[in-house]
Amino acid sequence: MARGAWSWVERHGRITSETPGGRRFGYLGDGVCIGFPVGSLYGEPWMEIGDGTLIGRQVTLTAGLLPGLDLGPDPVLRIGRGCLIGWGSHVVAHQSVTIGDHVFVAPYAYITDQNHTYTELDRPIGCQPPRNQPVVIGAGCWIGAGAVVLPGTRLGRNVAVAGGSVVRGEFPDHCLVGGVPARILRCHDPEAGWTRPAAEDPGARSATR
């Protein structure tokens, strides 16, 4: 009986374009479902989520530093069509986070466009002013479980990010990246197929610069 009651709560707690919670979003496409229970959720008027995207349970989606802020006329968080955001993940946007179509994010990933600065040595780091840098995740990417995507990251199309990686910088289409910090592990060349960068190749090292 308890399981049945919880199933009822889950079904009726979901957010879709047809529920009252869905009307708060800037755009919530057809077939979108945000699972219950939801993590932190605020700044919905500055979020656009494309048709058919599924957001797992306990996922945090935020736009802005705090609830109730006026973030201007443009969307801050854009998630494309046919995406899947896995259980317990966080997508935290302050300036601009754009996730392309058909991006799959495994559980407990963290994506953000903001980080604290560290310019005042005698002031707690958490109290120092943050800095924003837009994040773009290209269509067709896969973000592995527990990966962290930091401000300023730009992933091309169909990039695979290994679980547990810490990603910052720009990466081209059709590559596999991984590590802390993430670097290109393999990339696809139309003529040579899948190749590994040479150890001395700058592209084989971290792309965080």
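What comes next concerns the included structure. (Residues numbered from 1 in each chain as written. Predicted model: local features only at pLDDT ≥ 70, side-chain atom pairs only at ≥ 80, totals over all residues. Heavy atoms only, no water.)

## Overview of the sheet that holds strand 12 (residues 110-112)
Okay, so step 1: Ordered in space as 3-6-9-12-17-20, the six strands form an open sheet in which the pairing is parallel. Both edges of this open sheet fall to strand 3 (41-42) and strand 20 (166-167), since each of them pairs with a single strand only.
Okay, so step 2: For strand 6 (residues 60-63) and strand 9 (residues 90-93), the ladder comprises four bridges, and the chain directions are parallel. When the bridges of strand 9 are listed, T62 appears paired with V92. (Pairing = 2+ DSSP bridges. Helix = DSSP H or I, 4+ residues; strand = E, 2+ residues; numbered from the N terminus.)

## Notes on a nonpolar patch on the surface
Okay, so step 1: A grouping of L54, L84, F104 and W142 is seen on the molecular surface, where their side chains present a nonpolar patch of about 360 Å² in accessible area.
Okay, so step 2: Relative to the helices and strands, L54 resides in strand 5 (residues 54-55). (Patch = residues over 30% accessible without salt bridge, like charges linked within 9 Å, V, L, I, M, F, W, Y side chains within 5 Å. Areas by Shrake-Rupley, 256 points an atom, 1.4 Å probe, with all protein chains shown as cover. Salt bridge = Lys/Arg side-chain N within 4 Å of Asp/Glu carboxyl O.)

## Structural notes on the pattern of salt bridges
Okay, so step 1: Scanning all chains against the criterion turns up three salt bridges.
Okay, so step 2: A salt bridge links R24 to E44, with the nearest nitrogen and oxygen atoms 2.9 Å apart. Of the two residues, R24 is situated in the loop between helix 1 (2-13) and strand 1 (27-28) and E44 in the loop between strand 3 and strand 4 (47-49); the sequence distance between them amounts to 20 residues.
Okay, so step 3: The buried category is assigned to E44, whose relative accessible area is 7%.
Okay, so step 4: For D101, the salt bridge goes to R81, with nearest N and O atoms at 2.9 Å. Taken as a pair, D101 in the loop between strand 10 (97-99) and strand 11 (104-105) and R81 in the loop between strand 7 (77-79) and strand 8 (84-85) lie far apart in primary sequence, 20 residues in all.
Okay, so step 5: Of the residues examined, D101 reaches a relative accessible area of 24% and is grouped as partly exposed.
Okay, so step 6: Residue class for R81 comes out partly exposed when judged on its relative accessible area of 42%. (Buried < 20%, exposed > 50% of the residue type's maximum accessible area, 1.4 Å probe, protein only.)

This is a description of form; function is not addressed.
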